[in-house]
Amino acid sequence: MAQLSPTAAELGPPRLVSVRRALISVSDKSGLDDFAHGLAAVGVELFASGGTRKHLEQLGLSVRDVGEYTGFPEMLDGRVKTLHPKIHGGILCRHDRPDDMDAIERHGIVSFELVVVNLYPFEETVRRPDVTDAAAIENIDIGGPSLIRGAAKNHRYVTVATSAEQYPRILEQLRANGGTTYELRRELAAAAYARIAQYDTAIAAYFQKTAEAPGGSRGLEATQTPASRPGLVFSPSVGIQLQLKETLRYGENPHQRAALYVDPSAGHVTLVNARQLHGKELSYNNLLDLDSAWAMVRMLPAPAVVVIKHNNPCGGAMDEDLSVAMRRAFDGDPVSAFGSVIALNRAVNAAAAEVLAEPDRFVEAIVAPAFDDDALRILTTRPKWKANVRLMQIEGSGFRVQGSVTPAGRPGFGTALQYRHIDGGFLVQESDTADDPESEWKCVTKNRPTEEQLAELRFGWVMVRHVKSNAITLSKDRALVGVGAGQMSRVDSVEIAIRKAGDRARGSVLASDAFFPFGDSIVLAAKAGVAAIIQPGGSKRDEEVIAACNEHGLPMIFTGRRHFKH
């Protein structure tokens, strides 16, 4: 076990450490030009290797080559360059230990008081849709993390910089004091270890995501149980590294504090990456609702609008004319839509904005891939809520069509893991974003759905998977007309959906996120005039439910896949 030096224990950390030499090895050279010039101006000797050395020399700076200093050239295509005792000895030496300082002098080693390193762009590399395994592996940095860890460990005497945002503060102290304070070195050491943890977590997540069963198959066969499916390995331990984006006004309620963190390993466009074009800051509840709205609307193939209230849809519609979809989405439940959030899967145009800006309409936030100039003008100048409405633009987003691929070439939206906190731990599962193969659907009734009913059932099946269980949706003409959500019994959800729909229930189709345990819901639906039903099936009373449909002449589809959302 490592022992603390008695000298260090007695004297404590040095408050100010002058910087004589800096070792610089960066992949991302943002901010480096001004920083390096600033270091040279205060008399810091610069050491660098490879591309960093060439870059600094092109700036007209005097730089000592690492290979020339160590007497050992780069090798293995740059895999080995800073992994040398003359480098790490100069970083790890304890300046208050005579034996350490005698040792480095005896071996011709100089001390480094500043280490400036950022890492190979592994996270950016693996986010590319066309990335190969070889490219990913070559972007796993080895020397960089070793330099950072050594410098952070020896922060009593060494300043470590791992991002361009830290350069100005270091320069400020060097110019003012000729060295850095212990408080800054300690703070930068903490940031360095956090960066290494984040980097290693991203690498572990990549290997977990790409792990294959013997034979290399990644497909999910319908006959397999989740535990037997190849392509997903739950690691014995999981590290989650998040970056603070902003502190929120409060949480679900004003007495709860809250913040928004970014997951750097997310491999697709998300709400967290969205650009806010207008309005006051987002609240915790806004973000939850916007995320649900975006998850829902991005699964629809045609121009579509979804209206979310308290994390459930109270309206949703598809139409080639976005303004028509907007109006029909609001008509789904106009009372509940007051104070809602809206998601669109196409750029908001002036016509759609005109519908949003109608009198007595109040919207908290809107998320879309883009906003036309005219739409922005309408939404930020005309409504009485113009000053506060949050307009969120998610750029570069792709939209799923069942059975196809996104523009980025990835099937669906991947199989990201979802983490949910329970007291004492976390539950982890795949996100429920995979396509439901229509080839597995079965009509189990005497009457079969018409082509028009089948198109409506497809729409209803996308909608219901985003409603809290027990979930029931009624839709007509590709628009929600009734939703029953979060009830303890499925028949209660059916009754609520029918009541919300009113006369519009006649001729609608019903979607249920899980099987019907009894035939009573079918009787209610038939009395309300429902024309067709889609559900997973799988109840021990399926025959009773099928018989009820046949008795009332209702076609019913079994999808074979449940979509609980707890």
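Residues numbered from 1 in each chain as written. Predicted model: local features only at pLDDT ≥ 70, side-chain atom pairs only at ≥ 80, totals over all residues. Heavy atoms only, no water.

K.L.:
Mind showing me how you'd approach the pairing of strand β3 (residues 45–48) here?
P.N.:
Consecutive residues of a regular strand have side chains that alternate between opposite faces of the sheet. In the sheet, strand β2 (residues 21–25) pairs with β3 via 4 bridges, with the strands oriented parallel. Residue R21 lies in a different strand from β3, and its bridge partner there is E45. Crossover β2 to β3 through helix α2 (residues 32–41) is right-handed. In terms of strand pairing, β3 meets strand β4 (residues 63–65) through 3 bridges, oriented parallel. Bridge assignment links A48 to a residue of β4, and that residue is D65. Following the chain from β3 across helix α3 (residues 50–58) to the adjacent parallel β4, one finds a crossover that is right-handed. (Pairing = 2+ DSSP bridges. Helix = DSSP H or I, 4+ residues; strand = E, 2+ residues; numbered from the N terminus. Right-handed = clockwise from strand over helix to strand, strands pointing away.)

K.L.:
Can you walk me through the confidence of the model for the protein chain in this structure?
P.N.:
It should be kept in mind that the predicted coordinates are not to be read in detail where pLDDT is low. Put simply, the protein chain has an average pLDDT of 84, and 86% of its residues get 70 or more. Throughout residues 4–10 the model reports pLDDT below 50, and contacts reaching past four residues in sequence, or to other chains, amount to 6 contacts. In the model, residues 212–225 has pLDDT below 50 throughout and makes 14 contacts with residues more than four positions away in sequence or in other chains. (pLDDT = per-residue confidence, 0-100. Contact = heavy atoms within 4.5 Å.)

K.L.:
I keep staring at the packing of aromatic side chains and nothing clicks. Help me out?
P.N.:
Within a pair of aromatic rings, the relevant descriptors are the distance that separates the centres and the angle that separates the planes. Considering all chains together, one arrives at 3 aromatic pairs under this definition. Here the aromatic rings of F47 and F112 are separated by 5.1 Å at their centres, their planes lie at 90°, and the arrangement is edge-to-face. Of this pair, F47 sits in strand β3 while F112 sits in the loop between α6 (98–106) and β5 (114–117), and the two are 65 residues apart along the sequence. The exposure class of F47 is buried, given its relative accessible area of 1%. Relative to F362, the ring of F338 lies with its centre 5.3 Å away and its plane at 50°, an arrangement referred to as tilted. Note that F338 is positioned in the loop between α13 (322–331) and β13 (340–344) and F362 in the loop between α14 (350–356) and β14 (363–368), a separation of 24 residues in sequence. Judged by relative accessible area, F362 falls into the partly exposed class, the value being 24%. Taking NZ or CZ as reference, R361 lies 4.1 Å from the ring centre of F330, over its face. (Phe/Tyr/Trp six-rings, centres within 6.5 Å; stacked < 30°, edge-to-face > 60°. Buried < 20%, exposed > 50% of the residue type's maximum accessible area, 1.4 Å probe, protein only. Lys NZ or Arg CZ within 6 Å of the ring centre and 35° of its normal.)

K.L.:
What am I meant to see in the sheet that holds β4 here?
P.N.:
The strands that make up a sheet are held in pairs by hydrogen bonds between backbone atoms, and each pair lies either parallel or antiparallel. Strand order in the open sheet made by the 5 strands is β4-β3-β2-β5-β6, with parallel pairing throughout. Every other strand in the sheet has two partners, leaving β4 and β6 (159–161) as the edge strands with one partner each. When strand polarity is set aside, the average angle formed by the axes of neighbouring strands in this sheet is 25°. Where β2 meets β5, 4 bridges bridge the pair, whose relative direction is parallel. (Axes fitted to C-alpha atoms, helices over the stretch in contact; angles between N-to-C directions.)

K.L.:
Please clarify how helix α17 (residues 490–501) should be interpreted in this entry.
P.N.:
Owing to its 3.6 residues per turn, the α-helix aligns residues three or four sequence positions apart on the same side. End to end, α17 covers 17 Å across 12 residues, agreeing with the expected 16 Å (1.5 Å per residue, within 8%). For α17, the full list of buried residues reads R490, S493, V494, I496, A497, I498 and A501. Following α17 by one or two positions, G502 adopts a phi angle in the positive range, close to 60°. (Expected span 1.5 Å × (residues − 1).)

K.L.:
Help me understand the pattern of salt bridges in this model?
P.N.:
If charged atoms from side chains of opposite charge come close, those side chains can pair. Following the criterion strictly, the structure yields 20 salt bridges and no others. For E113, the salt bridge goes to R20, with nearest N and O atoms at 3.3 Å. Of the two residues, E113 is situated in the loop between α6 and β5 and R20 in the loop between β1 (16–18) and β2; the sequence distance between them amounts to 93 residues. The salt bridge partner of E57 is R53, with a shortest N-O separation of 3.0 Å. Of this pair, E57 and R53 are both found in helix α3, 4 residues apart, which corresponds to roughly one turn of the helix. Of the residues examined, E57 reaches a relative accessible area of 36% and is grouped as partly exposed. (Salt bridge = Lys/Arg side-chain N within 4 Å of Asp/Glu carboxyl O.)

K.L.:
Quick question: what am I supposed to make of unusual backbone geometry here?
P.N.:
Negative phi is the rule for most residues except glycine; trans is the rule for most peptide bonds. Here the residue pair S469 and N470 is connected by a cis peptide bond, since its omega of -10° sits within 30 degrees of zero. Positionally, N470 belongs in the loop between α16 (451–464) and β19 (472–475). If you check the backbone angles, D360 has positive phi at about 65° while not being a glycine. Mapped onto the elements, D360 comes out in the loop between α14 and β14. Take D360: its relative accessible area is 68%, and that puts it in the exposed class.

K.L.:
Teacher, can you tell me more about the packing of helix α18 (residues 520–528) against helix α19 (residues 542–552) here?
P.N.:
When two helices pack together, their arrangement is given by the angle between the helix axes and the distance between those axes. At a closest axis distance of 9 Å, the pairing of α18 and α19 adopts a crossing angle of 20°. With respect to α19, the element α18 is oriented roughly parallel. You can see that α18 and α19 cross each other, and the crossing is right-handed. For the pair α18 and α19, the contacting residues are I522, V523 and A526 in the first and V545, A548, C549 and H552 in the second. (Parallel < 35°, antiparallel > 145°, perpendicular 65-115°, else oblique. Left-handed = near helix turned anticlockwise from the far one by under 90°.)

K.L.:
Help me understand the packing of helix α5 (residues 85–92) against helix α9 (residues 143–153), please; the structure alone is not making it clear to me.
P.N.:
In the contact formed by α5 and α9, the axes pass within 8 Å of each other and the chain directions differ by 25°. Classified by the angle between their axes, α5 and α9 sit roughly parallel to one another. Residues I87, H88, I91 and L92 of α5 lie in contact with α9, whose contacting residues are S146, L147, G150, A151 and K153. By residue class, the composition of the contact of α5 with α9 is 5 nonpolar, 3 polar and 1 charged. (Nonpolar A, V, L, I, M, F, W, Y, C, P; charged D, E, K, R; others polar.)

K.L.:
Sorry if this is basic, but what is going on with the nonpolar core here?
P.N.:
In summary, soluble globular proteins display a tendency toward joint burial of nonpolar side chains. One finds I24, L39 and L46 to be the most contacted residues of the largest nonpolar core, which totals 54 residues. Among the elements that take part in this core, helix α11 (residues 182–210) stands out by supplying 9 residues, more than any other. What L46 contacts, discounting residues up to four positions off in sequence, is A22, I24, A36, L39, L61, S62, V63 and R64. Ranked by size, the runner-up nonpolar core spans 44 residues in total, among them L290, M463, V467 and V483. (Core = buried A, V, L, I, M, F, W, Y, C linked by side-chain atoms within 4.5 Å.)

K.L.:
Could you clarify how one ought to interpret helix α12 (residues 284–297) in this entry?
P.N.:
Taking 1.5 Å as the rise per residue, α12 with 14 residues should run 20 Å; its terminal C-alpha atoms sit 20 Å apart, in good agreement. Along α12, the residues classified as buried are N286, L287, D289, L290, S292, A293, W294, M296 and V297.

K.L.:
Please clarify how the environment of K476 should be interpreted in this entry.
P.N.:
Mapped onto the elements, K476 comes out in the loop between β19 and β20 (480–484). Between the C-alpha atoms of K476 and E456, which are 20 residues apart in sequence, the distance is 6.8 Å. Not counting the four nearest positions on each side in its chain, K476 is found in contact with R328, E456, V481, D503, R504, R506, G507 and S508.

K.L.:
What am I meant to see in the environment of A191 here?
P.N.:
Examined against the element boundaries, A191 turns out to sit in helix α11. The spacing of A191 and Q166 is 25 residues in sequence and 9.9 Å in space, taken between C-alpha atoms. Not counting chain neighbours up to four residues away, the residues in contact with A191 comprise T162 and Q166.

K.L.:
Hey, could you run me through the sheet that holds strand β10 (residues 275–278) in this one?
P.N.:
One open sheet holds the 6 strands; their spatial order is β10-β15-β14-β13-β11-β12, and the pairing between them is mixed. Only two strands of the sheet have a single neighbouring strand rather than two, namely β10 and β12 (312–318). Each adjacent strand pair in this sheet contributes to an overall mean axis angle of 20°, direction not counted. In this structure, strand β11 (residues 304–309) lies alongside β12, joined through 6 bridges in antiparallel fashion. From the neighbouring strand, V307 faces β12, where its bridge partner is G315.

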